[in-house]
Amino acid sequence: MTIYNFSAGPAVLPRDVLLQVQAEMINWHGSGMSVMEMSHRGKEFMGIAAEAEADLRELMGVPVHYKVLFLQGGASSQFAMVPMNLLRGKTGADYLNTGEWSKKAIKEAKRYGAVNVVATSEDKHFSYAPTQDQWKLDPDAAYVHYTPNETIGGVEIFWTPETGSVPLVADMSSTILSRPIDVSKFGVIYAGAQKNIGPAGLTIVIVREDLIGQTVPGTPTMFDYKIHADNESMYNTPATFSLYTAGLVFKWLKARGGLAAMENTNREKANLLYDALDATDFYSSPVAKENRSLMNVPFTLKDAALDEAFLKGAKELGLIQLKGHRSVGGMRASIYNAMPVEGVRALVDYMGEFEKSHG
Ligand SMILES: *Cc1c(COP(=O)(O)O)cnc(C)c1O
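Residues numbered from 1 in each chain as written. Predicted model: local features only at pLDDT ≥ 70, side-chain atom pairs only at ≥ 80, totals over all residues. Heavy atoms only, no water.

As recorded in an unreviewed UniProt entry, the protein goes by Phosphoserine aminotransferase and comes from Thiobacillus denitrificans. Per UniProt, the protein carries the Subcellular location (unreviewed entry) text "Cytoplasm". UniProt, in the comment section headed Sequence similarities (unreviewed entry), describes the protein in these words: "Belongs to the class-V pyridoxal-phosphate-dependent aminotransferase family. SerC subfamily." (UniProt positions renumbered as here; feature names shortened; annotations may be inferred.)

1. Topic: the UniProt feature "modified residue: N6-(pyridoxal phosphate)lysine" (unreviewed entry) in the protein
Residues annotated by UniProt as "modified residue: N6-(pyridoxal phosphate)lysine" (unreviewed entry) correspond here to Lys195. Along the chain, Lys195 turns up in the loop between strand E9 (188-192) and strand E10 (203-208). If we ignore the near neighbours within four places in the chain, the residues touching Lys195 are Ala8, Gly9, Ala11, Ser173, Ser174 and Tyr336. (Helix = DSSP H or I, 4+ residues; strand = E, 2+ residues; numbered from the N terminus. Contact = heavy atoms within 4.5 Å.)

2. So, empty space enclosed by the protein
In total, this model carries 2 cavities of 30 Å³ or more according to the counting rule given. Roughly 60 Å³ of volume is contained in the largest cavity. Val12, Leu13, Pro14, Lys195, Asn196, Ile197, Gly198, Val249, Trp252, Tyr336, Asn337 and Ala338 are the residues that line the largest cavity. Partitioned by chemical class, the residues of the lining of the largest cavity number 8 nonpolar, 3 polar and 1 charged. Split by domain, the residues of the lining of the largest cavity number at least three in each of domain 1 (15-255) and domain 2 (259-358). Estimates place the volume of the second largest cavity at around 30 Å³. For the second largest cavity, the full set of lining residues is Met60, Met172, Thr175, Ile176, Leu177, Arg179, Ile181 and Leu259. Across the lining of the second largest cavity, the residue classes tally to 6 nonpolar, 1 polar and 1 charged. (1 Å grid on protein atoms, 1.4 Å probe; cavity = no way out; pocket = protein on both sides within 12 Å on 5 of 7 lines; lining within 4 Å. Points joined across faces, edges and corners; volume = space filled by probe spheres on them. Nonpolar A, V, L, I, M, F, W, Y, C, P; charged D, E, K, R; others polar. Domains from an automatic or database assignment.)

3. With respect to the environment of Ala52
Looking at the element boundaries, Ala52 is found in helix H2 (residues 43-60). It is 7.3 Å that separates the C-alpha atoms of Ala52 and Ala246, two residues lying 194 residues apart in sequence. Other than its neighbours up to four places away in sequence, Ala52 contacts Phe70, Leu243, Gly247 and Phe250.

4. What to know about the packing of helix H1 (residues 15-24) against helix H6 (residues 240-255)
Running from N to C, H1 and H6 cross one another at 130 degrees; their axes reach a closest spacing of 10 Å. Considered as vectors, H1 and H6 are oriented oblique to each other. By crossing handedness, the relation of H1 to H6 is classed as right-handed. Residues Asp16, Val17, Gln20, Val21 and Glu24 of H1 pack against Phe241, Tyr244, Thr245, Leu248, Val249 and Trp252 of H6. Among the residues making up the contact of H1 with H6, the classes are represented as 7 nonpolar, 2 polar and 2 charged. (Axes fitted to C-alpha atoms, helices over the stretch in contact; angles between N-to-C directions. Parallel < 35°, antiparallel > 145°, perpendicular 65-115°, else oblique. Left-handed = near helix turned anticlockwise from the far one by under 90°.)

5. Focus on the sheet that holds strand E5 (residues 144-146)
Remark on secondary structure: sheet strands pair via backbone hydrogen bonds, oriented parallel or antiparallel. Spatially, 7 strands are ordered E2-E10-E9-E8-E5-E3-E4 in an open sheet, and the strand pairing comes out mixed. The sheet is open, and its two borders are formed by strand E2 (66-71) and strand E4 (114-120), each paired with just one other strand. Strand-to-strand twist in this sheet, taken as the mean axis angle between neighbours without regard to direction, amounts to 15 degrees. Bridge count for strand E3 (residues 92-97) against E5 is 2 bridges, and the pairing is parallel. Each residue of the ladder has a partner; that of Asp94, found in E5, is Val144. Across the face of the sheet, H2 comes into contact with E2 and E10 while running at roughly 130 degrees to E2. (Pairing = 2+ DSSP bridges.)

In C-alpha cells:
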C-alpha cells in the first residue's frame, strides 16, 4: 500500500530524495563516510554546503546583496533573532497578526521592543488576512513582520505587502519554495526546514546585507546574523545531515522545473481539495477564499462526532497524519511540494466514499 503523509511538519520528503540518501548513507561519493560523520570543515562537506547554497539561490533568485544563512534553532529562534538584529536602535516594529505563529512572533518581539500590531484577524478566528488598506503601519518602525502562510489556520497571503523603505520580514516556514517570490522585496526571509525544505534541525535565513551588524546590546554570539554571515554559516557546527538532505531537495526541485512548475502542481493539488470541500456541505473549509493556503488545508466535517471514524478509515487506506492541530480540531491536510497529486486524489476519493457511507 502506498502511504500518503499529510503531516504539517516534520513532513513528507520526496521519495527520490530519500532513496538517494539511502544509497549514499554509508559511503558518500566514495569518501568512505556517511555525511553525518564528516567534518563540517572538510572539503567534502564544504562542497555539499556550497552547492546547496548555490542551488537555493538559483531556485529563489536570491540577489547577490543577500546572505543565505544555514542556522539551527528553528523558526522559533528567529522570533527573537529578528528583533535582536533588526531593531537597529529603533524603539519598535510592526507586526501583522494572522494566527498562532504571528502571535508567537509578536510575544517574543515584545521582549526587545514595542510591537505595533498593524492589523489582526482575531475578530474572525484568524480565518482571513486583513488587506493592506486595513493596516496601520508606523513609518518609524524598524521593520514589518508577517506570516505569509499560517500553517495551523491555513491562511495564506498571496500578495507582497508594500512597506516602502521599512524592511519587510517574513516567516516563510510553510510556504518557502512552494511558488516563486521576489526576494528583493524582503529584508529578511526565514524558515524552519521541516515543512517544505528537508529534515528538522536546519533553519534558513535570507537577509539583506545592509541589515546585518547592528544587534541590540547583549545579543548572544550565536544570535548575531553577522557572526554567521562572516563565517559562511560555519561559526559552529551546522546541522550537516539536514543541510545535505535539503541540498538534495533543491536539486529535486530544479529537476522538476523550479518554483514556477511547483506552483502549477501545488495549485492543481489545492484546487482538487478545495473543490471537493466546496462541492458538499458535509465538509467545509473555515478559510476565506482569497486566503486559502496552497500548503495547509484545514477542514471540518459537518458532524465532529464522525472525526474519529474519518481518521481511522483514512489510515486504513494509507492516508495518514490528517488530524487537525490540537488548537483548532477537525482535519488538516498539508500538501507540500513532496506530496504527489496522486496523494491528493486518493484523499478526495476517500472523502467522497466516506460521505456516501456516513452522509
Ligand atoms: C512550524 C512553524 C514555526 C515553528 O518552527 P520551529 O522550526 O519548530 O521553530 C514557525 N512559524 C511557522 C509559520 C511554522 O509553520
